[in-house]
Amino acid sequence: MTDLNLNTDLQTNTLSPMRINWRRWLYPIVLVSIYFVWFTYMSASRQWHLLAEHWTISLTMTFGSLVAGATAEGGGAVAFPVFTKLLHIAPNDARTFGLMIQAVGMTTAALVIYLNRIKVLGNVILWVSIGGFFGQILGTYLLVIPPPYPRILFTLVAGMFGVTMLIQMMLTKEKPKQAMPAWLPSQKALFLVTGVVGGIFAAQTGAGVDMMAFIVLTLVYRMNIKISTPTTVVIMAINSIIGFYLHGVISQDIGIVWEYWLVAIPIVIIGAPLGAYLASKVPHNAIAIFLLSLIALEVVTTIWLIPFGTEQLIVTGIAITITGIVLMGLLWLHRRIYGS
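Residues numbered from 1 in each chain as written. Predicted model: local features only at pLDDT ≥ 70, side-chain atom pairs only at ≥ 80, totals over all residues. Heavy atoms only, no water.

**Some words on the overall build of the protein**
- The helix and strand tally for the protein stands at 13 helices and zero strands.
- Long-range pairs, those at least 24 residues apart, make up 85% of the contacts in the protein between residues at least 6 apart in sequence.
- Only carbon and sulfur atoms are counted for the fraction: they give 72% of the accessible area of the protein, which is about 16300 Å². (Helix = DSSP H or I, 4+ residues; strand = E, 2+ residues; numbered from the N terminus. Contact = heavy atoms within 4.5 Å. Areas by Shrake-Rupley, 256 points an atom, 1.4 Å probe, with all protein chains shown as cover.)

So this is what it looks like as structure tokens:
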């Protein structure tokens with residue numbers, strides 16, 4: 001028995017460096033591979049001029065990619081408002097770009113999360129992603145929202161996300177949870193519905209399913225932000241790949257967004273993973289304050305730049321009322337589960 005244990009220990013010690021090296025080199029290999037394919041394509045198609053033509057896209061995603069990896073807001077949460085409000089890009093194109101660029105940036109961020117063994121909630125990722133798949137299809141082909149409502153919808157979801165952050169900061173007496181309670185069918189249903197609703201939102205604006213998952217994890221389960229954030233990064237990566245496939249392969253309606261995507265790829269594959277790494281090191285209150293500042297700016301610019309007629313005011317008022325009811329319902333669920 002002693003010899004067997006000794007041999008096992010020797011095997012473990014022998015294999016351990018290989019595992020460490022495998023984790024250390026996987027991301028650089030992926031990074032170099034993407035850069036090689038990108039450089040080859042840009043050279044073969046002679047499209048280097050796009051870097052000068054669309055430099056504003058690259059600049060936007062320098063900031064957006066860090067936000068995508070570090071927070072529960074995807075890169076589309078920066079791209080969509082900047083594209084539609086400052087660069088005057090059509091909301092549909094901004095939406096498609098957000099999904100396409102997150103499919104690359106947030107997937108590489110998810111890879112870094114995995115390689116650094118940052119804790120995520122696997123069951124939450126599974127059920128929200130299943131719901132998000134159906135939500136993306138519904139939002140892309142059946143429940144299409146006409147302008148200017150996608151921009152208003154994005155602000156509403158961002159505002160709901162901001163309120164959640166404020167509630168979390170005020171709940172200083174309740175220690176953040178490190179794990180989910182016993183997994184029940186009701187939880188599966190809750191996260192499945194969360195995915196469907198978030199997927200519909202993402203189909204309109206390029207972001208949403210990650211924020212919706214974060215809202216539920218925070219209000220219902222009081223999950224530690226350092227666990228809920230990487231969990232939502234993985235969720236948005238999966239949902240973005242689905243959206244990219246729907247627009248790139250099924251609908252084939254990418255158009256000029258392909259050019260925007262090309263100039264942003266070399267930035268986000270570094271920025272998003274860097275954001276994910278920084279998020280694991282920075283105090284969560286600092287991240288919360290940063291996000292609240294972005295959300296406040298989003299709300300102010302929407303009120304300032306988007307014309308609100310009577311119809312828009314009525315629809316927005318109804319949406320805000322429904323949002324308030326949903327938030328109260330999630331808080332009620334928390335009390336029912338934890339009794340406080």
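There is more to say after this.
**Some words on a nonpolar patch on the surface**
- On the surface, a cluster of nonpolar side chains totalling about 610 Å² of accessible area is made up of Y141, L142, L143, Y245, V249 and I250.
- Residue contributions to the nonpolar patch peak at three residues, all from helix α10 (residues 225–251).
- Mapped onto the fold, L143 is located in the loop between α6 (122–141) and α7 (149–170).
- Since its relative accessible area comes to 44%, L143 is described here as partly exposed. (Patch = residues over 30% accessible without salt bridge, like charges linked within 9 Å, V, L, I, M, F, W, Y side chains within 5 Å. Salt bridge = Lys/Arg side-chain N within 4 Å of Asp/Glu carboxyl O. Buried < 20%, exposed > 50% of the residue type's maximum accessible area, 1.4 Å probe, protein only.)

**Some details on the confidence of the model for the protein**
- Scored by pLDDT, the protein has a mean of 82; 89% of the residues are at 70 or more.
- Of all secondary-structure elements in the protein, the lowest mean pLDDT belongs to helix α1 (residues 2–45), at 68, while α6 reaches the highest, 95.
- Low pLDDT, under 50, characterises residues 1–18; the stretch is placed with zero contacts to residues that sit more than four places away or in other chains. (pLDDT = per-residue confidence, 0-100.)

**Points about the environment of I225**
- By secondary structure assignment, the location of I225 is in helix α10.
- In the structure, I225 is positioned 60 residues away from N285 in sequence and 9.3 Å away in space, judged by C-alpha atoms.

**Observations regarding unusual backbone geometry**
- Positive phi, close to 55 degrees, is recorded for H88, a residue that is not glycine.
- Topologically, H88 is positioned in the loop between α4 (76–86) and α5 (91–115).
- Given a relative accessible area of 67%, H88 falls into the exposed group.
- With phi around 50 degrees, Q252 is a residue other than glycine that occupies positive phi space.
- In this fold, Q252 is placed in the loop between α10 and α11 (257–279).

**A short note on the layout of surface pockets**
- The calculated volume of the largest pocket comes to roughly 580 Å³.
- Lining the largest pocket are 24 residues; nearest its centre among them are I152, L156, A319, I320 and T323.
- Counting only elements with at least two residues in the lining of the largest pocket, the list comes to α7, α8 (185–205), α12 (284–305) and α13 (310–338).
- Class assignment for the residues of the lining of the largest pocket results in 19 nonpolar, five polar and no charged. (1 Å grid on protein atoms, 1.4 Å probe; cavity = no way out; pocket = protein on both sides within 12 Å on 5 of 7 lines; lining within 4 Å. Points joined across faces, edges and corners; volume = space filled by probe spheres on them. Nonpolar A, V, L, I, M, F, W, Y, C, P; charged D, E, K, R; others polar.)

**Some words on the packing of aromatic side chains**
- Tallied over the full model, the rule gives ten aromatic pairs.
- Look at Y41 and W258: their rings are 6.1 Å apart centre to centre, the planes differ by 75 degrees, and that puts the pair in the edge-to-face class. Residue Y41 is found in helix α1, and its partner W258 is found in helix α11; the two are separated by 217 residues along the sequence.
- Relative accessible area serves as the criterion here: at 34%, Y41 is assigned to the partly exposed category.
- What makes W258 partly exposed here is its relative accessible area of 30%.
- When the ring of F191 is compared with that of Y221, the centres are 5.7 Å apart and the planes differ by 20 degrees; the resulting orientation is stacked. One end of the pair, F191, is in helix α8; the other, Y221, is in the loop between α9 (209–219) and α10, and 30 residues separate them in sequence. Accessibility classification places F191 together with Y221 in one group, the buried group.
- Aromatic rings pair up to connect Y41, F244, W258 and W261 into one cluster. (Phe/Tyr/Trp six-rings, centres within 6.5 Å; stacked < 30°, edge-to-face > 60°.)

**Concerning the packing of α9 against α10**
- Where α9 contacts α10, the axes come no closer than 8 Å and their chain directions differ by 150 degrees. When the interaxial angle is binned, α9 and α10 end up roughly antiparallel. In this structure, α9 crosses over α10, and the sense of that crossing is right-handed. Contacts between α9 and α10 involve V209, D210, A213, F214 and L217 on the former and, on the latter, I225, S228, T229, T231, T232, I235, M236 and N239.
- Here the contact of α9 with α10 is composed, by residue class, of seven nonpolar, five polar and one charged. (Axes fitted to C-alpha atoms, helices over the stretch in contact; angles between N-to-C directions. Parallel < 35°, antiparallel > 145°, perpendicular 65-115°, else oblique. Left-handed = near helix turned anticlockwise from the far one by under 90°.)

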